[in-house]
Amino acid sequence: MRPPRPRTARRFGTRSATAVLATALAVAAPLPATAADLPTERPSALVDPLIGSANGGNTYPGATLPYGMIAWSPTSTTGDQTSTGAANGYQYDTTRIRGLSLTHVNGAGCNPGAAGDVPIMPFVGEVTSSPSADTKDTVYAADFSHADERAVPGRYTLGLKSGAGADLAVSKRAGVADFTFPSDRPANLLFRVSNSLNGSENAHVDIDAAHRKVSGWVLTGAFCGRRANGGVNNRKSYYKLYFSASFDRAFSSVGTWKDGTLSPGSTTASGGEGYATGADRAGRGSGGWVGFDTSSDNDVHMRLGISYVSLDGAEANLREEIEPHASVADVAGAGARAWDRELNTVRIEGGSAARRQTFYTALYHSLMQPNLISDTDGRYWGMDQAVHRLARGQRAQYSNFSGWDQYRAQIQLLALLKPTVAGDFAQSLYNFARQNGGVWDRWVHISGATHVMTGDPSAATLATFYAMGVRNFDYEGAFDSLVRQATVPHSDGLSDAGCPGQCVGQRPNLAQYLSSHYAAQDACHCWGGAAETLEDAVADSALAKWAQLLGRESEAKAFAERAAYWRNVFNPETGHIQARKLDGSWVTPFNPASDVGFAQGTSATYTWMVPQDVQGLAQAMGGRGVAAGRLDGFFHKADGSWSVRGGDPLRYDPTNEPGIHAPWLYNALGQPWKTQATVRQIVDTVYGTGPSGLPGNDDLGTMSAWYVFSALGLYPQTPGSASLLLGAPVFPAAVVDRPGRRDITISAPAADDTHVYVDAVRLDGRPHQKSWTDARLTRAGGSLTFRLTEQPNTRWATDPAGLPN
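Residues numbered from 1 in each chain as written. Predicted model: local features only at pLDDT ≥ 70, side-chain atom pairs only at ≥ 80, totals over all residues. Heavy atoms only, no water.

1. A word on the overall build of the chain
Under the convention used in this document: Think of it this way: any DSSP run of H or I at least four residues long counts as a helix, any run of E at least two long counts as a strand, and we number them from the N terminus. Throughout, radius of gyration means the C-alpha value; the globule benchmark is 2.2 Å times the number of residues raised to the power 0.38. For every residue, the accessible area obtained with a 1.4 Å probe (protein chains only) is divided by the maximum for its type, and the residue is called buried under 20%, exposed over 50%, and partly exposed between those limits. Contact definition: two residues touch when any of their heavy atoms are within 4.5 Å. The charged-residue count follows a simple rule in which Lys and Arg add positive charge and Asp and Glu add negative charge, with His and chain termini not counted at all. All charge positions are set by atom: Lys at NZ, Arg at CZ, Asp at CG, Glu at CD.
Along its length, the chain carries 18 helices and 35 strands. Relative to the 2.2 N^0.38 estimate, which gives 28 Å for 805 residues, the radius of gyration of the chain is 26 Å and therefore close to what a compact globule would have. Taking all 805 residues of the chain together, the buried fraction comes to 66%. Counted over contacts in the chain with a minimum sequence separation of 6, partners at least 24 positions apart contribute 72%. Here the chain contributes 70 positive and 75 negative side-chain charges, whose respective centroids are spaced 5 Å apart.

2. Observations regarding the nonpolar core
This is how the line gets drawn: The nonpolar core is taken to be a set of buried Ala, Val, Leu, Ile, Met, Phe, Trp, Tyr and Cys residues, with the residues joined through side-chain atoms within 4.5 Å.
Phe 179, Phe 191, Phe 247 and Trp 546 are the most contacted members of the largest nonpolar core, which totals 221 residues. Ranked by the residues each element gives to this core, the list is headed by helix 11 (residues 529-550), at 12 residues. Aside from chain neighbours lying at most four places away, what touches Phe 191 is Pro 119, Ile 120, Val 214, Phe 243, Ala 245, Phe 247, Trp 257, Ser 286, Gly 287, Gly 288, Val 290 and Met 302. Core analysis: the second largest hydrophobic core is formed by 9 residues, Val 176, Ile 322, Ala 326 and Val 331 among them.

3. What about the packing of aromatic side chains?
Under the convention used in this document: Each Phe, Tyr or Trp ring (for Trp, its six-membered ring) is paired with any other whose centre lies within 6.5 Å, and the angle between the two planes then decides the class: stacked below 30 degrees, edge-to-face above 60, tilted in between. Whether a charge lies above a ring is judged from NZ of Lys or CZ of Arg, which has to be within 6 Å of the ring centre and within 35 degrees of the ring normal.
What the rule picks out here adds up to 32 aromatic pairs. Each ring, one from Phe 635 and one from Tyr 666, has its centre 6.2 Å from the other, and the planes form 40°; the classification is tilted. Within this pair, whereas Phe 635 is found in helix 15 (residues 624-635), its partner Tyr 666 is found in the loop between helix 15 and helix 16 (672-685), the two being separated by 31 residues in sequence. Judged by relative accessible area, Phe 635 falls into the buried class, the value being 0%. In textbook terms, an aromatic cluster arises when at least three aromatic residues are bridged by ring pairs, as seen for Phe 191, Phe 243, Phe 247, Phe 251 and Phe 292. The ring centre of Tyr 430 lies 4.4 Å from the NZ or CZ of Arg 434, which sits over that ring. Just above the ring of Tyr 466 sits the side chain of Arg 471; from NZ or CZ to the centre is 3.5 Å.

4. A few points about the environment of Pro 186
Assignment of secondary structure puts Pro 186 in the loop between strand 8 (174-180) and strand 9 (187-191). As for Pro 186 and Leu 462, which are separated by 276 residues in sequence, their C-alpha atoms are 54 Å apart. With near-sequence residues (within four places) excluded, Pro 186 lies in contact with Phe 123, Val 124, Gly 125 and Glu 126.

5. What about the pairing of strand 5 (residues 142-152)?
As a reminder, the rule being used: Any two strands with at least two DSSP bridges between them are considered paired.
As judged from the 2 bridges shared by strand 3 (residues 96-101) and strand 5, these two strands associate in the antiparallel manner. Bridge pairing in strand 5 links Arg 96 to Asp 143. Two strands pair when backbone bridges link them, and strand 5 and strand 6 (residues 155-160) are joined in this way by 5 bridges, in the antiparallel orientation. Bridge assignment links Phe 144 to a residue of strand 6, and that residue is Leu 160.

6. Things to note about helix 16
Keep this limit in mind: By this rule the span expected of a helix is its residue count minus one, scaled by 1.5 Å.
Under the 1.5 Å per step criterion, the end-to-end length of helix 16 is 20 Å for 14 residues, consistent within 8% with the ideal 20 Å. Helix 16 sits mainly inside the fold: 10 of its 14 residues count as buried. Among all positions of helix 16, only Pro 672, Trp 673, Thr 675, Gln 676, Ala 677, Thr 678, Val 679, Arg 680, Ile 682 and Val 683 are buried. In this structure, the buried side of helix 16 is in contact with helix 4 (353-366), helix 15, helix 17 (702-712) and strand 32 (757-763).

7. A few points about the state of the cysteines
Using the following cut-off: Pairs of cysteine sulfur atoms within 2.5 Å are what we label disulfides.
Tallied over the full model, the rule gives 3 disulfides. Each disulfide pairs two cysteine sulfurs, and for Cys 110 the partner residue is Cys 224, the sulfurs being separated by 1.6 Å. Taking the torsion about the S-S bond as the criterion, the Cys 110 to Cys 224 disulfide, at about 80°, is right-handed. On the criterion of sequence distance, the pair formed by Cys 110 in the loop between strand 3 and strand 4 (120-124) and Cys 224 in the loop between strand 11 (213-221) and strand 12 (237-247) is long-range, its members being 114 residues apart. Residue classification places Cys 110 among the buried positions, given a relative accessible area of 12%.

8. Description of the packing of helix 9 (residues 475-487) against helix 12 (residues 553-562)
A pair of packed helices is characterised by two quantities: the angle between their axes and the separation of those axes. So the rule is basically this: Lines fitted to C-alpha atoms define the axes, with helix axes restricted to the stretch in contact, and inter-axis angles between N-to-C directions lie between 0 and 180 degrees. Here is the rule for angles: anything less than 35 degrees is roughly parallel, anything more than 145 is roughly antiparallel, 65 through 115 is roughly perpendicular, and the remaining ranges are oblique. Here is the rule for handedness: rotate from the far helix to the near one, and if that takes an anticlockwise turn smaller than a right angle the crossing is left-handed, while a clockwise turn gives right-handed. Asp, Glu, Lys and Arg are counted as charged, while Ala, Val, Leu, Ile, Met, Phe, Trp, Tyr, Cys and Pro are counted as nonpolar; the rest, among them Gly, fall into the polar class.
Interhelical geometry of helix 9 versus helix 12 gives an angle of 45° and a closest axis separation of 13 Å. By the criterion of interaxial angle, the relationship of helix 9 to helix 12 is oblique. Helix-helix and strand crossings are classified by hand; for helix 9 and helix 12 the assignment is left-handed. Touching Phe 479, Val 483, Ala 486 and Thr 487 of helix 9 are Glu 555, Phe 559 and Arg 562, all from helix 12. When the residues that make up the contact of helix 9 with helix 12 are grouped by side-chain class, the tally is 4 nonpolar, 1 polar and 2 charged.

9. Regarding the side chain of Thr 533
To keep things clear, this is the line we draw: Between N or O atoms, a polar contact is any pair within 3.5 Å; within protein, one atom must be a potential hydrogen donor and the other a potential acceptor, and residues adjacent in sequence are included only when both atoms are from side chains.
Positionally, Thr 533 belongs in helix 11. Polar contacts involving the side chain of Thr 533 include one to the main-chain amide nitrogen of Ala 519, which spans 2.9 Å. With residues near it in sequence (within four places) discarded, Thr 533 still touches Tyr 513, Tyr 518, Ala 519, Tyr 565, Trp 566 and Val 569.

10. A few points about the sheet that holds strand 32
Pairing is mixed in the open sheet, where 6 strands are placed in the order 18-30-31-35-32-33. In the strand order of this sheet, the two ends are held by strand 18 (346-349) and strand 33 (766-767), each with one partner. Looking at chain direction, strand 30 (residues 733-736) and strand 31 (residues 744-747) are connected through 4 bridges and run antiparallel. Bridge pairing links Val 736 to Ile 744 in strand 31.

11. Quick look at the packing of helix 6 (residues 410-417) against helix 17
At their nearest, the axes of helix 6 and helix 17 sit 8 Å apart, and the two run at 60° to each other. One finds that helix 6 runs oblique with respect to helix 17. Counting all contacts with helix 6, which are made through Gln 410, Gln 412, Leu 413 and Leu 416, the residues of helix 17 involved are Thr 702, Ala 705, Val 708 and Phe 709. The class makeup of the residues in the contact of helix 6 with helix 17 is 5 nonpolar, 3 polar and no charged.

See below:
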C-alpha cells in the first residue's frame, strides 16, 4: 500500500480569478500576512518516503523522526549477504529483504554507505542452520511486493510473501513493532547483530528468556570503507550501537549462532564479520533468535531502545520516550504530530498535488538530519572514543555531517528553519573537533572522522550559521579553532593515507598551499589540486565574512585575500579552472571533460564553482556577457535544447554538488530571467514524485534542500553569507514560520506551470530592483511579493550596480 494521496489545497478566500489577476498585476501587499492565514493541513500526509528510493537517490523509506537516532528500515539483498541493492540498504527495485535495521543515513553515496545496524528479521520456519552461513540469502530472507508496503513519516509497514509482517513506529531513540506470523507455522525473530551494511569488528547478543528480553551491541563504522579510491584506510570501528528489546509474551524457543555454527538453546553469542566484502566476509558473524507460539495469537509486540553509550542508556531512552503499554498506532500518531510540527515551518498554498508532494517530501528529507547521538540523560560517545556529557546550554549532540555536500544548501535551510538545532549542531561539530586534536573532519559519521571528500566544509558551515543569526554555540571558540586549522599546518596534511577519496589531512599540505597560493596537483596530498583550491577559497571567503561580523579585522583581511586564490588555478589560455603543478606549470594535456585535478566532477563543472566571486570569474572569462554565453552552453546542447539531466561531462550535472549553484549564477551576470527559466526546467524535469523523484544521491538532504529553496524562489548566495538570490516561486504563497521572529512571507499569486518569469518584486511592500536580498530578510524576516509573467522581463534586476557579488 502506498501513502494516501494528498488532499487538494484550498485557494485563498473566495476571490474571483479577475481579482487574483488584478492583485498579481499590481504586485500588491503579500498574501498571506502570517502563517495563521494559510489553511490548516497535515503536511506529513503529503510526504512519500519512497521518493528517492530508486535512480540512485539512496533514501530509505523506514520509520524515523526529525533528527532522530533510530531509523528503522529494510535491509535488502540481491543474493549476497555482504551487500544490498543500494548504498543505504534499500533500493525500490530490489524486493527481497534480510532484516529491518535500526539505523540509516539518508542518501549517502558510498555503496554500502553506513549504519544499517542490527537487522531484525521475522522468519517463518524452523531455524535449522546458521543464518550467517546463508551467504546468498536464500533461506533467511523473504520476498515482498510493494502492494504490501506502506511508508509514512514515522511509520513503516511491510508484508512479506512468507506470510510474516512488520508494523514499525518510532520515537527519537526508541521504537515499537508488531510482528505478525502465520498461525500454523513456526514463528521466529532473528537478531543479526553483526550484519551492519559495512560489516562489523565485533558484535554480541544476550537472550533473557525469564524477562522476555533480547539485548546486545555491534562494534562497527567503516563509512565508505569499500571505496576503491582510499576506502581501505577507513576500514575501522568508531562506534558501538547498543539495543535492548522486550516482548509482550514468552519465548517458545531460543538459540544463537556464530559463523557456521548453530547453537539451539544458547542465550549468548559474539563475533563480527570484518569489513571485507563478498567471499572475504561471507559466512562470518553472529546473532540470536527467539521463537513464539502463534497458534492462538499471531501478533508479537516488541519495544526497543537504542544508544551509542551503553545498554543502560538504550533502556533508559526507551523508558523516557515511549509509555510502557503504547501501541504502534500510539507511537505512530505521536511521530506524525512531530513531523507535522517540523514540516509546518514552511506552509505553502496552491500548486498541483504532485508538486506539493514533491515539495513536502523534499522538506522531509532535508530535516532528517543532523542525527541525535546523545541519550536522554545527555551522555554521548565522543570522537575520542570516550563518554561525554552535554555542557550546559546544549540541548543535544548531533552527528552525520556530509560537509562537502551539505554546506551548499542543506545547512542554510536548517539555519533558516531551525536555528536552535543548527546551533546545537555547530556546537556538536566543535565538540568533535576538540576531541579530535583540534581537527574538524569533513564527513563525520556518528563519532568517527571519516575524511571523505575534500576541502574544509566545517568553516563554510559554521560561518554560514553565524551569518544567518545562529548564536547558541561557542562561536568565538569555534572560529578560533577553524582559523588555527586553516593557518597552522598539521602533520596529517603530509600523509597520503586514504587518498584520494578520504585523505586524512583536512587542510592538505597547508604549508605548500600558503606558499604557492594554490594546491599543487603533484604535492597537495589531496584528491585533486584544482578542486582543493576552489574548496579552500570558498571556506576562506566564509571565514573572512565571519571574521568581519566578529570585528576581527586582521583575520577578515587575510582570509579575504585567500578567498581570491581561485584565480591561481584559472588558466586564461583555456578559460577553465585547471590543475597546476608545484613548479607553476599547468597539468597537461587538458580537456575540460576530464576529472584530473577534481573530485567527483570535471573542469567544465568546477569552473563555475566560485560563488564568492562571480563578478571576478566573469571578468576572468572576458566579461559578464561572455560568461553568460558560456553558461548558456553549460545548460544547453549545441542545438539549443536543454541539457540538465546529467550524463554529459561538459554540461550541468544535477546529481552532484560542485555545480548545483550554477543555475543561479545568471543573477550575478545580469540575466536573471535565465536563472528563472533554468531552475524551473530542473524543478519540472529532474525532480518529481515516485521512487525516481530525486536526480541522484540525496546526500543527507542536500539535493532535497536545493528543491525546497528553488520552489520558494530563493537560493543561498554563497557560504558565509545570509544573502538570498531570487528566482520565481512555484507556489502562489508560502510562509516560513519562525516562532519568536518575524515570518518570511512569499506571495506570487500568478504562480503556475506557465508563469515562470519574474516581472517585478516588492520587498516589505517597496519595489525591489535587485535579484537578491541581503541578510536582513534572513535574520529579521519580511515579505516578498512577486509579479510573475509568461515571458521574460529582460530589464528587471539588470543594473550592473545592483548585481550580487
